[in-house]
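Okay, here's what each chain looks like letter by letter:
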Amino acid sequence: MPAPTGVGTEELRRANLRAILQTVHTHGPTTRAVLTKQLGLNRSTIGALTGELQSLGLVTEQTAVVGGRGRPSHLVVPSEGNVVVAVDVGVDRIAVALVGLGGEVLDRRTRGHQRGEHDVAHVVESVAQMIEETLAQSRHHRCLGVGVAVPGAVRAADGLVRFAPNLGWVEEPFTAMLAARLDRPVATANDANLGVLAEHIRGAAMGYSEVAYLSASVGIGGGFLIDGRPLTGARGYAGEVGHMQVDSHGMICRCGSVGCWEMKVGENVLLMRAGRLSGGGPTAVAEVIAAAQSGEARAAEAVDHVADWCGVGIRAIVNLFNPEVVVLGGCLAQVWRAAETRVNIAIQRGQLISPRNETLIRSAQLGDDSPLIGAAELAFGPVLDHPQAVPQAV
Ligand SMILES: [Zn+2]
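Model, not experiment: these values are computed from the prediction.

Colleague: Any chance you could explain the overall build of the protein chain here in plain terms?
Modeller: Tallying secondary structure elements over the protein chain gives twelve helices and 16 strands in all. For 394 residues, the compact-globule estimate of 2.2 N^0.38 gives 21 Å, and the C-alpha radius of gyration of the protein chain, at 23 Å, lies within 12% of that figure. The dimensions of the protein chain, computed from C-alpha atoms along their principal axes, are 70 × 50 × 40 Å. Considering the protein chain as a whole, with its 394 residues, one finds that 51% of them fall into the buried category. Pairs at least 24 apart in sequence give 62% of the contacts found in the protein chain among residues at least 6 apart.

Shown next, in the form of structure tokens:
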């Protein structure tokens, strides 16, 4: 690949360091020979670049005989000492993971919210304690950042949570509060926007550039890749598919509108329709689906009802975005697996503009961890973008 004209040597060097680090982070250990070919550089330049990443403590090199023949090649491996903390603030629980450069989850813990603990100060304190516990287990690691997924609209500029109806948050400076409590930088983004990122890098949307990720728990989140890039909107609030109106005669939503999609589809909608108590999460949803499959009429009616409305929402999204792949997470994935035919009938009601057989629909490969893994990628972002700026202190 010839050097683009007008690009300074230092800028080019940074771009090459970035390309190498992103390759080993995303695809795992990679030989210098493959990197040489991929970047179109000569072997001594690649050697100098991997040497610099090694001195920054980001990669190590191992000698390996690749393919069992020929001379040994240097294998460039993400250095084990680098981690980030990923956090997923759900409506029912908080999950915190320690994730290594290269994407391996090294430690994962969850804690339910106490009753009434959606108060932002309580959530900040719970998250901070869990992060401190996690980091205390990993003293020999260098923490490169903290990334957080929240189920709400997050202002891209400063992580202010503008609106998270299922947490009851409006204009909450959650990110600034957590950063002050931890005395470290924190990056926060919408959970579905992180979910689509994770599924694209490591899951069901690998290799696709037009992706819709739809995930339901209590509410529904939507994250989109358009031409391989995240759809953010003007301020970062795009993709609020849960509040798309699907029934003008429907119930009043937490957002104040009427008949939003998440009032038709979601864990609690399914549970209450099946005559169960709300709040049981994915386990209770699985129980209703099992009851439906073993012939319980009320459970079966609830699954059918939710499956029909899943199809109504997916149909609108397929028509709007013409995605190559729709990745379903949470309750949407559970209902899809249980009632695929019924969901498909609702998607194909009337003429679908982009033919159904040209749109893949899949369950999230990372399961309920997509937003958590996406939060780790968010935290790795600054180092992957500018490896030379990696903090040297823990
Ligand atoms: Zn709404």
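Colleague: Honestly, the packing of aromatic side chains in this entry has me stumped. Any pointers?
Modeller: Pairs of aromatic rings are described using the distance from one ring centre to the other and the angle between the two planes. This model, assessed by the stated rule, comprises two aromatic pairs. A cation over a ring is seen here: Arg162 above Tyr237, with NZ or CZ 5.1 Å from the ring centre.

Colleague: Would you explain the packing of helix α10 (residues 330-338) against helix α11 (residues 340-347) in this entry?
Modeller: For any two helices packed against each other, one specifies the crossing angle of their axes together with the interaxial distance. Relative orientation of the contacting elements α10 and α11 amounts to 105 degrees, with a least axis distance of 5 Å. By the angle between their directions, the pair α10 and α11 is classed as roughly perpendicular. On α11, the residues touching Val335, Trp336 and Ala338 of α10 are Glu340, Val343 and Asn344. Taken together, the residues of the contact of α10 with α11 break down into four nonpolar, one polar and one charged.

Colleague: Is there a simple way to explain the domain arrangement of the protein chain in this structure?
Modeller: Think of interface size as the accessible area that goes away when the parts come together; that is how it is often given. Looking at the protein chain, the domain boundaries give domain 1 (10-78), domain 2 (82-194 + 371-389) and domain 3 (204-364). One C-alpha centre belongs to domain 2, the other to domain 3, and the line joining them spans 25 Å. Taken together, the contact between domain 2 and domain 3 spans 15 residues of the former and 18 residues of the latter. For the pair domain 2 and domain 3, the two sides together bury roughly 1200 Å², of which 52% comes from carbon and sulfur. It is Asn166, Ala192 and Asn193 in domain 2 that bury the most area against domain 3; as a group they hold 37% of the surface buried on that side. Along the contact surface separating domain 2 from domain 3 lie zero salt bridges. Linking domain 2 to domain 3 there are three residue pairs in polar contact (both at pLDDT 80 or more). Of the residues that constitute the side of domain 2 that touches domain 3, the class distribution is eight nonpolar, four polar and three charged.

Colleague: What should I look at first to understand the sheet that holds strand β12 (residues 211-216) in this one?
Modeller: In sheet architecture, strand pairing relies on hydrogen bonds along the backbone and comes in two forms, parallel and antiparallel. Across the sheet, five strands lie side by side as β14-β13-β12-β15-β16; this open sheet has mixed pairing. The open sheet has two edge strands, β14 (229-230) and β16 (360-363), and neither has a second partner. Pairing of strand β15 (residues 325-329) with β16, which is carried by four bridges, proceeds in the parallel orientation. What sits directly across from Leu328, in β16, is Ser363. Contacts between helix α6 (residues 191-202) and the sheet are confined to β12, β13 (220-226) and β15, with β13 contributing the most and set at about 50 degrees to the helix.

Colleague: I'm lost on helix α12 (residues 370-385) in this one. Help?
Modeller: Since one α-helical turn is 3.6 residues long, residues separated by three or four positions face the same way. A rise of 1.5 Å per residue sets the reference length of α12, with its 16 residues, at 22 Å; its end C-alpha atoms lie 21 Å apart and thus fit the reference within 8%. Remark: the principal bend of α12, roughly 35 degrees, maps to Ala379, with a proline, Pro382, within the next four residues. Turning to α12, its buried residues number three or more, namely Ser370, Pro371, Leu372, Ile373, Gly374, Ala375, Ala376, Glu377, Ala379, Phe380, Val383 and Leu384.

Colleague: Is there a simple way to think about the pattern of salt bridges in this case?
Modeller: Where side chains of opposite charge bring their charged atoms close, a pairing between them can arise. Applying the stated criterion across every chain, the model contains 20 salt bridges. The partner of Arg254 in a salt bridge is Glu262, and the shortest N-O contact between them spans 3.2 Å. Classification of Arg254 as partly exposed rests on a relative accessible area of 40%. Three or more residues are tied together by salt bridges with common partners; here these are Asp107, Arg109, Arg111 and Glu133.

Colleague: Hey, could you run me through the environment of Ala128 in this one?
Modeller: As for its placement among the helices and strands, Ala128 is situated in helix α4 (residues 120-136). Under the relative-accessibility criterion, Ala128 is labelled buried at 0%. Separated by 54 residues in the primary sequence, Ala128 and Leu182 have C-alpha atoms spaced 6.5 Å apart. When neighbours within four sequence positions are excluded, Ala128 is seen to be in contact with Leu178, Arg181 and Leu182.

Colleague: Could you clarify how one ought to interpret the coordination of the zinc ion in this entry?
Modeller: Put simply, the ideal angle at a metal is 109.5 degrees for four donors in tetrahedral geometry and 90 or 180 degrees for six donors in octahedral geometry. Within the protein, the zinc ion binds to His243 (ND1), Cys253 (SG), Cys255 (SG) and Cys260 (SG); these donor distances fall in the range 2.0 to 2.3 Å. The site at the zinc ion holds four donor atoms, and with the angles between them running 104 to 122 degrees, its shape is tetrahedral. All donors of the zinc ion come from a single chain, and their spacing in sequence reads H-x9-C-x1-C-x4-C. Like Cys253, the residue Cys260 is buried in the burial classification.

The rules behind each value
Residues numbered from 1 in each chain as written. Predicted model: local features only at pLDDT ≥ 70, side-chain atom pairs only at ≥ 80, totals over all residues. Heavy atoms only, no water. Helix = DSSP H or I, 4+ residues; strand = E, 2+ residues; numbered from the N terminus. Rg over C-alpha atoms; globule rule 2.2 N^0.38 Å. Buried < 20%, exposed > 50% of the residue type's maximum accessible area, 1.4 Å probe, protein only. Contact = heavy atoms within 4.5 Å. Phe/Tyr/Trp six-rings, centres within 6.5 Å; stacked < 30°, edge-to-face > 60°. Lys NZ or Arg CZ within 6 Å of the ring centre and 35° of its normal. Axes fitted to C-alpha atoms, helices over the stretch in contact; angles between N-to-C directions. Parallel < 35°, antiparallel > 145°, perpendicular 65-115°, else oblique. Nonpolar A, V, L, I, M, F, W, Y, C, P; charged D, E, K, R; others polar. Domains from an automatic or database assignment. Buried area = accessible area lost by both parts, 1.4 Å probe. Salt bridge = Lys/Arg side-chain N within 4 Å of Asp/Glu carboxyl O. Polar contact = N/O pair within 3.5 Å; in protein donor to acceptor, adjacent residues only side chain to side chain. Pairing = 2+ DSSP bridges. Expected span 1.5 Å × (residues − 1). Bend = angle between axes of the 7 residues up to and from the residue. Donors = N, O, S within 2.8 Å, 3.2 Å for Na, K, Ca; no water. Tetrahedral: all angles 85-135°; square planar, octahedral: opposite > 155°, others 65-115°.

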